[in-house]
Amino acid sequence: MLDKNVSALFVLLRAGLWEKKPDDISLFPLSEDEWTEIFGMARKQTVTGIVYAGICRLPDELMPPSRVLLKWVATIDGIERSNVKMNRTIARLYEIFRREGLNPVLQKGQGVALFYEQPLLRECGDIDLYFVGKDESEHAAALVRTLTKNVRKHADNSIYYQCNGIGVEHHTRLIDICNPFLTGYLDDMERKQGFRKMCMSVENRETELLVPAPLLNLLLLNAHIMKHAIGWGVGLRQLCDMARARYALRKEVDADELKRICDRMGIGRWTALLDAFLVCYLGLSPEYAGCSDTDTAAGPLLDIVLKGGNFGMHASEPGSREGNVCLRKLHTSYSFIRKLRFSCRYAPKEGFWTFSNLLTGQFKR
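Residues numbered from 1 in each chain as written. Predicted model: local features only at pLDDT ≥ 70, side-chain atom pairs only at ≥ 80, totals over all residues. Heavy atoms only, no water.

Trainee: Report on the overall build of the protein chain, specifying residues and quantitative values.
Mentor: Scanning the protein chain from terminus to terminus reveals 16 helices and seven strands. Across the 365 residues in the protein chain, those meeting the buried criterion constitute 54%. For the protein chain, the accessible area works out to roughly 17100 Å², and carbon and sulfur atoms hold 50% of it. (Helix = DSSP H or I, 4+ residues; strand = E, 2+ residues; numbered from the N terminus. Buried < 20%, exposed > 50% of the residue type's maximum accessible area, 1.4 Å probe, protein only. Areas by Shrake-Rupley, 256 points an atom, 1.4 Å probe, with all protein chains shown as cover.)

As structure tokens, this is what we get:
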């Protein structure tokens, strides 16, 4: 059984995620202290905007007290402003790269936000870009270095920098799977599936984005969530992204093909757990979960989500994600080790290769 306030959070989250009336108002009304705790949980999970959309569908007599509501409204204003700034920055980056003949692929983030009814209510993070082929990737990295000196190169050859105060990362892989025996398989799938164009409105102007094809997009989001679940931790925002993507792309991805690919990648059991969470806690219709047996108990993933919040930033574990580099590396290792039982059960091969890459990559320098 979930704590009352956690249950209320999920009721509001489902209402906001699907733009519908709350499915259980028996938990309301709530006290000011209870509303304050729910606000804190929503912030921790970076779903403040989506939960607010759910609150707006409550009857007037069940709304939060004015002091809490005003704090929420102020936070929503900040989220919307951040999204506008993010969209403006993405448009500028696309302009710069396309001028050089480059075609960046937008991963996750604002591309997935377009699957929401109200994209500006989804809290944004960094900008993740992927360039097809080694030549394009190196050309993009060289171009960036002419524009800013603060470019960091990571162990996997990805680079990180800031543009307009927003973090930007160039990734070397479209789908973050570490198992080396799947590299050729994934490369071949990427070539066959390709990419598609989507339009994002930026200050009354349309910016054309390049995003992964539907099947690749679902696999990308799946692998991204899995990697964080077996490592740092993962929050509700990323799971909401997956639920909206599953719904938005439901007519474009064959469920049997998706199941076959997940099994081939060794993440079939993990995908069943993920699907169960989307159905049980986020209200995705079982018919849209598609490729897995959603009778799987979702509790193990719920525990990780509630303990860690957004990418595990709030997990109370030894070490810190900030500060000393050695401490961060030790903390990363500790996070993977403490979830070994989870990863061995749901994604044993990927868990093994992820941890192997962690050891060789993080400690070789």
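Trainee: So, the packing of aromatic side chains: which residues are in play, and what are the values?
Mentor: Applying the stated criterion to the full structure yields 13 aromatic pairs. Where F97 meets F131, the ring centres are 5.1 Å apart and the plane angle is 70 degrees; that geometry is what we call edge-to-face. One end of the pair, F97, is in helix α4 (residues 66-99); the other, F131, is in the loop between β2 (127-130) and α6 (134-147), with 34 residues separating them in the sequence. Pair check on accessibility: F97 and F131 agree, each one buried. For the pair W270 and F342, a centre-to-centre distance of 6.4 Å together with 75 degrees between the ring planes defines the contact as edge-to-face. Of this pair, W270 sits in helix α11 (residues 268-280) while F342 sits in helix α15 (residues 340-346), and the two are 72 residues apart along the sequence. Each member of the pair W270 and F342 is classed as buried. A connected cluster of aromatic rings, assembled from ring pairs, spans F28, W35, F39 and W72. Here the basic side chain of R244 rests over the ring of Y116, its NZ or CZ set 6.0 Å away from the ring centre. (Phe/Tyr/Trp six-rings, centres within 6.5 Å; stacked < 30°, edge-to-face > 60°. Lys NZ or Arg CZ within 6 Å of the ring centre and 35° of its normal.)

Trainee: Pulling in residues and values, what's your account of the packing of helix α8 (residues 214-229) against α11?
Mentor: Put simply, α8 and α11 touch, their axes get as near as 11 Å, and they point 95 degrees apart. Considering the angle they form, α8 stands roughly perpendicular to α11. Mapping the contact onto sequence places N222, I225, M226 and A229 in α8 and W270, T271 and L274 in α11. (Axes fitted to C-alpha atoms, helices over the stretch in contact; angles between N-to-C directions. Parallel < 35°, antiparallel > 145°, perpendicular 65-115°, else oblique. Contact = heavy atoms within 4.5 Å.)

Trainee: I'd like a rundown of the pattern of salt bridges, residues and numbers included.
Mentor: All chains considered together, the criterion is met by 21 salt bridges. A salt bridge links K134 to E138, with the shortest nitrogen-to-oxygen separation between them at 4.0 Å. Of this pair, K134 and E138 both sit in helix α6, four residues apart, which is roughly one turn of the helix. Using a relative accessible area of 63% as the deciding quantity, one classes K134 as exposed. Its relative accessible area of 45% is what places E138 among the partly exposed residues. D176 is the partner of K227 in a salt bridge, and the nearest nitrogen-oxygen pair spans 3.6 Å. In this pair, K227 sits in helix α8 while D176 sits in the loop between β5 (166-171) and α7 (183-193), placing the two residues 51 residues apart along the sequence. Classification of K227 as buried rests on a relative accessible area of 11%. One connected set of salt bridges, linked through shared partners, spans R173, D176, K227 and E350. (Salt bridge = Lys/Arg side-chain N within 4 Å of Asp/Glu carboxyl O.)

Trainee: So, helix α2 (residues 32-44): which residues are in play, and what are the values?
Mentor: Taking 1.5 Å per residue as the helical rise, α2 with its 13 residues ought to reach 18 Å, and the 18 Å between its terminal C-alpha atoms agrees with that figure. Turning to α2, its buried residues are W35, I38, F39, M41 and A42. Down the axis, α2 shows its buried residues gathered within 165 degrees of arc, on one side only. (Expected span 1.5 Å × (residues − 1). Arc of directions from axis to C-beta.)

Trainee: Give a detailed account of the pairing of β5, specifying residues and quantitative values.
Mentor: Counting buried residues along β5, six of its six residues qualify, which places the element largely inside the surrounding structure. Residues I166, V168 and H170 line one face of β5 and the alternating positions G167, E169 and H171 line the opposite face, and both faces are buried. Relative to β5, β2 runs parallel, the two being bridged by four bridges. Considered in β5, the bridge of L129 is made with H170. Note: strand β4 (residues 159-163) against β5, five bridges, orientation antiparallel. Note that in β5 the partner of Y161 across the bridge is V168. Hairpin connection of β4 to β5: two residues between the antiparallel strands, including N164 at a positive phi of 60 degrees. (Pairing = 2+ DSSP bridges.)

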